Amino acid sequence: MANRPSPLEALNARIVACERCPRLRAYCAELARVRRRAYADWEYWSRPVPSFGDEQARVMILGLAPGAHGSNRTGRIFTGDGSGDFLYPVLHETGFASLPKAVSRDDGMKLTGLWIGAVVRCAPPANKPTLEELRNCSAWLDEEMALLPNLRVVVCLGRIAFDGLLAWARRTGQLPARTGLGFAHGAEFTLPGGLKVIASYHPSLQNTNTGKLTRAMFLKVFKRARELAGLG
Ligand code: SF4
């Protein structure tokens, strides 16, 4: 008899079937139809991309959204594009990821102590979701956070993810409407419930190719996350 899916697996299955944002669903369908020449022989995933990782995680990465030809193509978050190529070596070096490179959903990658999600689960045109799309997808984040009982640290990649986490904290009554908390790379704060938050620049090519985010800066973020999570 097949094992019953865990609550997080069941949630991911519902996310993958989500159709709340017509603009994003249409854009993903178009990406699957046209494809980038280099990936002409790929069958693009082009559905909402589920979260990925260790269900007992103490650390969560909150990203922005799937890359059009990265996770929208492969179906696994941060897999198959420049952002993932910058992220996974750092996760491997800091003991969170079993492999230094993420290629596809079946490459054997395992995460330990880490869960990776995003504030928007469908690739948006120009990486810019609308406010309505962010609001639509925030309901999934609410359910997901409630199913991660061991979480101690959230690393927010970029300002939009950081604002998404603050909005979640307000919805769950952990922060007042106005907090004065602003995004800055390396900034940390602790929510009243004890969850620690670290802000980091997003590992987009725009940030990594220009040196705004270096490997050393990113390593420091994940070493700090381990420390705050009590992972040594
Ligand atoms: S972005 Fe989120 S809410 Fe919108 S269709 Fe995709 S999964 Fe659903």
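Up top you'll find the structure we're talking about.
All of these numbers come straight from a predicted model, not from anything done at the bench.

Peer 1: How should the site of the ligand be read in this particular structure?
Peer 2: Neighbouring the ligand are Cys 18, Arg 20, Cys 21, Leu 24, Arg 25, Pro 48, Val 120, Arg 121, Cys 122, Asn 136, Cys 137 and Trp 140. No other element matches the three residues that helix H5 (residues 131-146) contributes to the shell around the ligand. Broken down by class, the residue content of the shell around the ligand amounts to eight nonpolar, one polar and three charged.

Peer 1: Any chance you could explain the side chain of Ser 51 here in plain terms?
Peer 2: Locating Ser 51 in the fold gives a position in the loop between helix H2 (22-34) and strand E1 (52-53). Judged by relative accessible area, which is 5%, Ser 51 ranks as buried. Side chain to side chain, Ser 51 and Arg 121 meet in a polar contact 2.8 Å long.

Peer 1: Could you clarify how one ought to interpret the pairing of strand E4 (residues 153-157) in this entry?
Peer 2: For a regular strand, side-chain orientation follows a simple rule: the groups alternate between the two sheet faces. Summarising burial for E4: five of the five residues are buried, a large majority. Neither face of E4 is open: one carries Val 153, Val 155 and Leu 157, the other Val 154 and Cys 156, and all of them are buried. Bridging between E4 and strand E6 (residues 196-200) involves five bridges; their strand directions are parallel. Paired with Leu 157 across the two strands is Ser 200, which belongs to E6.

Peer 1: What is the right way to read the packing of helix H1 (residues 7-16) against H5 from this model?
Peer 2: Geometrically, a packed helix pair is captured by the angle between its two axes and the distance between the axes. One way to put it is that H1 packs onto H5 with a least axis distance of 10 Å and a crossing angle of 170°. By the angle between their directions, the pair H1 and H5 is classed as roughly antiparallel. For the pair formed by H1 and H5, the contact residues are Leu 8, Leu 11, Arg 14 and Ile 15 on the first element and Trp 140, Glu 143 and Glu 144 on the second. For the contact of H1 with H5, a count of residues per class yields four nonpolar, no polar and three charged.

Quick notes on the rules
Residues numbered from 1 in each chain as written. Predicted model: local features only at pLDDT ≥ 70, side-chain atom pairs only at ≥ 80, totals over all residues. Heavy atoms only, no water. Near = heavy atom within 4 Å. Helix = DSSP H or I, 4+ residues; strand = E, 2+ residues; numbered from the N terminus. Nonpolar A, V, L, I, M, F, W, Y, C, P; charged D, E, K, R; others polar. Buried < 20%, exposed > 50% of the residue type's maximum accessible area, 1.4 Å probe, protein only. Polar contact = N/O pair within 3.5 Å; in protein donor to acceptor, adjacent residues only side chain to side chain. Pairing = 2+ DSSP bridges. Axes fitted to C-alpha atoms, helices over the stretch in contact; angles between N-to-C directions. Parallel < 35°, antiparallel > 145°, perpendicular 65-115°, else oblique. Contact = heavy atoms within 4.5 Å.

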